Amino acid sequence: MKTLETLLQYNKSIRAIGYNDTPFNRTQDNKVNISGIVCLNTRFEGMLWSEVTLNGMDATETVAEQLINSTFYPHIHVLLFDGISMAGLNIIDLPLLTKWLARPCISVMRELPNMRAIQTALTHLSDTHQRFATMCKAGNIHKSGDFYFQVQGTSPGIAAATLHRLSDQYNMPEALRIAQLIGAAVKTGHSSTTKHLQQMPCMTALLPMSSDDRLEKH
């Protein structure tokens, strides 16, 4: 498996799988569907479909198990996520997923997270400290162009170049854009390209940091 750095250096195509959850009802749903969209650069190639628990703790294991057992796994270069959580606050353990799959994992955001709202939400769930620690493990929030992101398994510079390679006219990775469209269409009967990537992401900014360390630009 060629590294992202090598693929970028020699202008080779990058095959990514982008994950997003579907719309859900916070008061009625227990399980939330997630879609994993496989794209070669910006060309759609296939899809995985699964479910995770609303505000649960099973997102990391679900993604890893399904992808490893799929025909796509040997060909995937990088995993992309719409934020650092699915189905509410079902947190993705980015370093652990990177280790299990031996692939770089990137959490993508269009805006910096509302940390006060996330901190408040966490207090209403079990395993608050574990969720907090898992969020923090995702690492610093970086910025490149219109993207904010967290990355494990490769350098922030390589991750930034990869995101731009995988994006088209909507200025977001195509795999994440399609995941959003399909999930919305299946659950609501319609979809739109106007919704931005979610504002969920990591609690890293709640940790003591200097203003210089809080956000890294690339």
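Note: the structure precedes this text.
The following refers to the structure shown. (Residues numbered from 1 in each chain as written. Predicted model: local features only at pLDDT ≥ 70, side-chain atom pairs only at ≥ 80, totals over all residues. Heavy atoms only, no water.)

### A closer look at unusual backbone geometry
Then, number 1: Positive phi, normally seen in glycine, also occurs at A87, with a value near 50°.
Then, number 2: Mapped onto the fold, A87 is located in the loop between strand 5 (85–86) and strand 6 (90–91).
Then, number 3: On the basis of relative accessible area, A87 is assigned to the buried category, the value being 0%.
Then, number 4: Backbone geometry places A102, a non-glycine residue, at a positive phi of 55°. (Helix = DSSP H or I, 4+ residues; strand = E, 2+ residues; numbered from the N terminus. Buried < 20%, exposed > 50% of the residue type's maximum accessible area, 1.4 Å probe, protein only.)

### Here we look at the packing of aromatic side chains
Then, number 1: As enumerated under the stated definition, the model contains one aromatic pair in all.
Then, number 2: Arranged with centres 5.4 Å apart and planes meeting at 15°, the rings of Y19 and F81 form a pair that is stacked. Here Y19 is found in strand 1 (residues 15–21), whereas its partner F81 is found in strand 4 (residues 78–82), with 62 residues between them in sequence.
Then, number 3: One cation-aromatic arrangement involves R103 over Y73; the distance from NZ or CZ to the ring centre is 4.4 Å.
Then, number 4: Taking the ring centre of Y148 as reference, the NZ or CZ of K143 above it sits at 5.3 Å. (Phe/Tyr/Trp six-rings, centres within 6.5 Å; stacked < 30°, edge-to-face > 60°. Lys NZ or Arg CZ within 6 Å of the ring centre and 35° of its normal.)

### Description of the packing of helix 2 (residues 59–68) against helix 3 (residues 94–101)
Then, number 1: One way to put it is that helix 2 packs onto helix 3 with a least axis distance of 10 Å and a crossing angle of 20°. By the angle between their directions, the pair helix 2 and helix 3 is classed as roughly parallel. In the crossing of helix 2 with helix 3, the sense of the turn from one axis to the other is right-handed. Residues T60, E61, V63, A64, L67 and I68 of helix 2 touch helix 3, and the partners they reach there are L97, W100 and L101.
Then, number 2: In terms of residue class, the contact of helix 2 with helix 3 is built from seven nonpolar, one polar and one charged. (Axes fitted to C-alpha atoms, helices over the stretch in contact; angles between N-to-C directions. Parallel < 35°, antiparallel > 145°, perpendicular 65-115°, else oblique. Left-handed = near helix turned anticlockwise from the far one by under 90°. Contact = heavy atoms within 4.5 Å. Nonpolar A, V, L, I, M, F, W, Y, C, P; charged D, E, K, R; others polar.)

### Regarding the pairing of strand 4
Then, number 1: Within strand 4, five of the five residues are buried, leaving the element largely enclosed by the surrounding structure.
Then, number 2: Side chains V78, L80 and D82 project from strand 4 onto one buried face, and the interleaved L79 and F81 project onto a second face that is buried too.
Then, number 3: Sheet topology places strand 1 next to strand 4; four bridges connect them, and they run parallel. Across the sheet, Y19 pairs through a bridge with F81, a residue of strand 4.
Then, number 4: Across four bridges, strand 4 lies against strand 7 (residues 105–109) in parallel orientation. (Pairing = 2+ DSSP bridges.)

In short, geometric facts, not functional conclusions.
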